[in-house]
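Chain residues, written in single-letter form:
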Amino acid sequence: MAPIPMLLVLLFAASPASSSNSEGEALHAWRARLTDPTNVLQSWDPTLVNPCTWFHVTCDPQNRVIRLDLGNSNISGPIGSELGRLEHLQELYRNNLKGKIPAELGNLKNLISMDLYGNHLQGEIPKSFAKLKSLRFLRLNNNKLTGSIPRELVVLSNLKILDVSNNDLCGTIPIGGPFANFPLQRPSIVNLMQSGLAFGIMHSVVHVEKRLI
């Protein structure tokens, strides 16, 4: 067997660190656009080898970012499109965010749980979420989202929980895929007008806010 060139060995050895540095650059670029009144992100130092030592960041054994948890941290600002570069991210938890949900989040192919509830998010649910084939939990409730639930989401076969209640969504609920397993509850007419349709996914009851048009 021919010996492996030393340069190739070095490239393989450097690969995880390079990935982590790229993720650190993405997170630091996002931090620059956030308001952080209590300085909870002071540990997000781009000069470190990787972001795995930063607070609110969790990495796997290969030093790849798999979880962001900024809940109850009083951070505000937009969701950065840079987060779409964290290709190993599995869990996303944040609060006090505003603006639109960037379509780049559809690049997070390993994402299992996305909790963006209780923010000030506006605009539509991105159709690019249809690419999140590993997604099991999607909670977008208590925002200011508009439009309808994208029909493209019917391809999310692993989706177990969906909560989009307390938004300004309209239109019809998609059919097929995981939506075929959502047993429709039948609230009273008064509750329907006040709270919208309620339906369950598997064993979890979730709500869809709908305007009567």
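Every value quoted in this text rests on a predicted model; they were computed, and no experiment measured them. (Residues numbered from 1 in each chain as written. Predicted model: local features only at pLDDT ≥ 70, side-chain atom pairs only at ≥ 80, totals over all residues. Heavy atoms only, no water.)

Asks: What is the right way to look at the pattern of salt bridges in this model?
Replies: Side chains that differ in sign of charge can pair as their charged atoms come close. Considering all chains together, one arrives at 5 salt bridges under this definition. Between Arg-67 and Asp-69 there is a salt bridge, with the nearest N and O atoms lying 2.9 Å from each other. Under the relative-accessibility criterion, Asp-69 is labelled partly exposed at 29%. Residues Arg-67 and Glu-91 are paired through a salt bridge, measuring 3.2 Å at the closest nitrogen-oxygen approach. Remark: Glu-91 occurs in strand β4 (residues 91–93) and Arg-67 occurs in strand β2 (residues 65–69); sequence separation between them is 24 residues. When salt bridges with common partners are traced through the structure, they connect Arg-67, Asp-69 and Glu-91 into a single cluster. (Salt bridge = Lys/Arg side-chain N within 4 Å of Asp/Glu carboxyl O. Buried < 20%, exposed > 50% of the residue type's maximum accessible area, 1.4 Å probe, protein only. Helix = DSSP H or I, 4+ residues; strand = E, 2+ residues; numbered from the N terminus.)

Asks: How do you make sense of the sheet that holds strand β9 (residues 144–147) when you look at a structure like this?
Replies: Hydrogen bonds between backbone groups are what pair the strands of a sheet, and the pairing can be parallel or antiparallel. The strand order β3-β5-β7-β9-β11 describes an open sheet built from 5 strands, whose pairing is parallel. The sheet is open, and its two borders are formed by β3 (77–78) and β11 (168–169), each paired with just one other strand. (Pairing = 2+ DSSP bridges.)

Any link to function would need more than the numbers given here.
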